[in-house]
Amino acid sequence: MAIQRTFSIIKPDATERNLTGGVNKMIEEAGLRIVAQKRIRMTQAQAETFYAVHSERPFFGELVEFMTSGPVVVQVLEGEDAIVKYRDVMGATNPAEAAEGTIRKAYAKSIGENSVHGSDAPETAAIEIAQFFSGNEIVG
């Protein structure tokens, strides 16, 4: 298996409850390394760009509003099969369907306030990482 990178966001519902450390612990226990991390307040423009794939969906405005409602923690994670591994540790989007031991089972409030985001493919990860990090901010 190849070492790869993926992008993660710890969302406003989790940061407002001071869960960054708990989420990071679960990430690291899954065998992933956090090679870049920063706490930001996502602007409306950043959120609209990030979620542009959903721009025609009815929930787009609500999603942008939620992601700009408080601080988020953006991260670059690295490890063997990092994308699949992180998606496994995140759990299902609906926390009621998430497996025990996953981030969303432990921390998510609802489908909308589901605590974390993770890239779904290598191409997406590259785009998402580049939106928030310059190369010299990623220290592997």
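Calculation rules
Every residue gets a number counted from 1 within its own chain, in the order that chain's sequence is written. pLDDT decides what is reported in this predicted model: residues at 70 or higher carry local features, side-chain atom pairs at 80 or more are listed and counted, and totals for whole chains, interfaces and linings draw on all residues regardless. Excluded from the side-chain calculations are hydrogens and water; all other atoms, namely the structure's heavy atoms, are used. UniProt positions are given in the numbering used here, feature names are shortened, and annotations may be inferred rather than shown by experiment. Remark: nonpolar core denotes a set of buried residues (Ala, Val, Leu, Ile, Met, Phe, Trp, Tyr, Cys) joined through side-chain atoms within 4.5 Å. Each residue is assigned to one of three classes by its accessible area relative to the maximum for its type, calculated with a 1.4 Å probe on protein chains only: buried under 20%, partly exposed between the two thresholds, exposed over 50%. Starting at the N terminus, helices and strands are each numbered in turn, a helix being any DSSP run of H or I of at least four residues and a strand any DSSP run of E of at least two. In what follows, a contact means two residues having at least one pair of non-hydrogen atoms within 4.5 Å. Think of a 1 Å grid over just the protein atoms. A cavity is a set of points where a 1.4 Å probe fits yet cannot get out, a pocket is an open set with protein on both sides within 12 Å along at least five of seven lines, and lining residues have an atom within 4 Å of a point. Grid points are joined across faces, edges and corners, and a volume is the space filled by probe spheres set on the points. Two rings from Phe, Tyr or Trp (for Trp, the six-membered ring) form a pair when their centres sit within 6.5 Å of each other. Planes less than 30 degrees apart are called stacked, planes more than 60 degrees apart edge-to-face, and all others tilted.

- An unreviewed UniProt entry annotates the chain as Nucleoside diphosphate kinase of Nisaea acidiphila.
- Among the UniProt annotations of the chain, the heading Cofactor (unreviewed entry) holds the following wording: "Mg(2+)".

**What to know about the nonpolar core**
- Core analysis: the largest hydrophobic core is formed by 21 residues, its most contacted members being Phe7, Ile9, Met67, Val74, Phe132 and Phe133.
- Within the residue set of this core, elements represented by two or more residues are β1 (3-10), β2 (33-40), α3 (44-50), α4 (60-67), β3 (72-80) and α7 (122-132).
- Residues contacting Ile9, with those up to four places away along its chain left out, are Met42, Phe50, Met67, Val72, Val73, Val74, Ser115, Val116 and His117.

**Comments concerning the UniProt feature "domain: Nucleoside diphosphate kinase-like" (unreviewed entry) in the chain**
- Here, UniProt's "domain: Nucleoside diphosphate kinase-like" (unreviewed entry) annotation points to residues 3-140.
- Helix and strand shares over residues 3-140 are 39% and 20% respectively, and the end C-alpha atoms of the span are 11 Å apart.

**Observations concerning the layout of surface pockets**
- In this model, the largest pocket occupies a volume close to 790 Å³.
- Contributing to the lining of the largest pocket are 28 residues, with Lys11, Tyr51, His54, Leu63 and His117 lying nearest its centre.
- Every element with two or more residues in the lining of the largest pocket is listed here: α3, α4, α5 (82-90), β4 (116-118) and α7.
- Counting residues per element, the lining of the largest pocket draws most heavily on α7, which supplies four residues.

**Quick word on the packing of aromatic side chains**
- With the rule as written, the count across this model stands at four aromatic pairs.
- Ring geometry for Phe7 against Phe50: centres 5.7 Å apart, planes inclined by 50 degrees, an arrangement best described as tilted. With Phe7 in strand β1 and Phe50 in helix α3, this residue pair connects regions lying 43 residues apart in the sequence.
- Ring plane angle 80 degrees and centroid distance 4.9 Å describe the contact between Phe50 and Tyr51, whose orientation is recorded as edge-to-face.
- Under the relative-accessibility criterion, Phe50 is labelled buried at 10%.
- Ring-pair connections join several aromatic residues into one group, and the members of that group are Phe7, Phe50, Tyr51 and Phe132.

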